[in-house]
Amino acid sequence: MLVRAIRAVATGEAIFGGPVIARDTAFAVTVGGWLWRVPLGDPYAATRDSLGVAVRAPPAPAGNGVLVGALNGEILLVGRDSVERLTRLRSPIEQPPIVRHGVLLLIDGKGTIEAWR
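Since the structure is predicted, the reported quantities are computational estimates derived from the model, not experimental observations. (Residues numbered from 1 in each chain as written. Predicted model: local features only at pLDDT ≥ 70, side-chain atom pairs only at ≥ 80, totals over all residues. Heavy atoms only, no water.)

A.B. asks: Explain the overall build of the chain here, please?
C.D. replies: The helix and strand inventory of the chain stands at zero helices and eleven strands. The helix and strand sequence of the chain, counted from the amino end, reads β-β-β-β-β-β-β-β-β-β-β. Against the compact-globule benchmark of 13 Å for 117 residues, the chain has a radius of gyration of 14 Å, which places it among compact chains. For the chain, the spread of C-alpha atoms along the principal axes amounts to about 45 × 35 × 30 Å. Every one of the 117 residues in the chain was classed for burial, and the buried ones make up 39%. Put simply, 30% of the contacts in the chain that link residues at least 6 apart link residues at least 24 apart. Looking at charge distribution, the chain has the averaged site of its 13 positive side-chain charges lying 2 Å from that of its 10 negative ones. (Helix = DSSP H or I, 4+ residues; strand = E, 2+ residues; numbered from the N terminus. Rg over C-alpha atoms; globule rule 2.2 N^0.38 Å. Buried < 20%, exposed > 50% of the residue type's maximum accessible area, 1.4 Å probe, protein only. Contact = heavy atoms within 4.5 Å. Lys, Arg positive; Asp, Glu negative; His and termini not counted. Charge placed at Lys NZ, Arg CZ, Asp CG, Glu CD.)

Next up, the structure:
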């Protein structure tokens with residue numbers, strides 16, 4: 001079976017890691033710090049938000065938004081209309097944050113695993 005593209009979204013810079021899907025939307029971040037939202041039902045309605053920081057890890061869906069780990073060590077919670085800085089680690093974040101049973105697991109670029117509640 002041959003498949004065809006239904007929509008291509010040109011971000012203008014590299015996407016780091018793969019996109020994630022949550023709540024009928026695909027999320028991706030660029031290395032320059034843009035979070036892209038692509039509604040699966042209407043890819044033409046793609047939007048982007050500036051995070052203001054460089055990113056080297058894929059986003060992670062969270063209950064009320066998307067978590068993004070930044071190159072400067074910040075963990076951001078990006079909601080529909082806001083960007084909240086939750087905490088900052090001493091090293092760059094190079095892996096997506098993990099949320100499980102109310103615990104936020106973070107791995108920095110030096111291999112340290114931190115758990116936050």
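A.B. asks: Just to check I follow, could you spell out the sheet that holds strand β3 (residues 34–39) for this structure?
C.D. replies: In a beta sheet, neighbouring strands pair by backbone hydrogen bonds and run either parallel or antiparallel. Sheet architecture is open: four strands sit in the order β1-β2-β3-β4, paired in antiparallel fashion. Each of the sheet's edge strands pairs with one partner strand only, and the pair in question is β1 (20–22) and β4 (47–50). Pairs of neighbouring strands in the sheet enclose a mean axial angle of 25°, with direction left out of account. Strand direction decides the pairing type here: strand β2 (residues 25–29) and β3, joined by five bridges, are antiparallel. The partner of Val29 across the bridge, within β3, is Leu35. (Pairing = 2+ DSSP bridges. Axes fitted to C-alpha atoms, helices over the stretch in contact; angles between N-to-C directions.)

A.B. asks: What am I meant to see in the pattern of salt bridges here?
C.D. replies: Pairing between side chains of opposite charge can happen when the charged atoms of each approach one another. Across all of its chains, the model carries two salt bridges by this definition. Linking Arg37 and Asp49 is a salt bridge whose minimum nitrogen-to-oxygen distance equals 2.1 Å. Within this pair, whereas Arg37 is found in strand β3, its partner Asp49 is found in strand β4, the two being separated by twelve residues in sequence. In this structure Asp49 comes out as partly exposed when scored by relative accessible area, which is 26%. Salt-bridge contacts for Glu74 lead to Arg85; the nearest nitrogen and oxygen are separated by 3.1 Å. Of the two residues, Glu74 sits in strand β7 (residues 74–78) while Arg85 sits in strand β8 (residues 83–88), which places them eleven residues apart along the sequence. (Salt bridge = Lys/Arg side-chain N within 4 Å of Asp/Glu carboxyl O.)

A.B. asks: Before we go on, may I ask you to explain the nonpolar core in this structure?
C.D. replies: One recurring pattern in soluble globular proteins is that nonpolar side chains are buried together. Membership of the largest hydrophobic core comes to 13 residues, with the highest contact counts inside it found for Phe27, Val29, Leu35, Leu51, Val68, Leu76 and Val78. When contributions to this core are tallied by element, the ones reaching two or more residues are β1, β2, β6 (65–69) and β7. Non-local contacts of Leu51, meaning those with residues more than four positions away in its chain, are made with Val29, Gly33, Leu35, Val68, Leu76, Val78, Val83 and Arg85. By size, the runner-up hydrophobic cluster in this structure holds nine residues, among which are Ile75, Leu77, Ile93 and Leu104. (Core = buried A, V, L, I, M, F, W, Y, C linked by side-chain atoms within 4.5 Å.)

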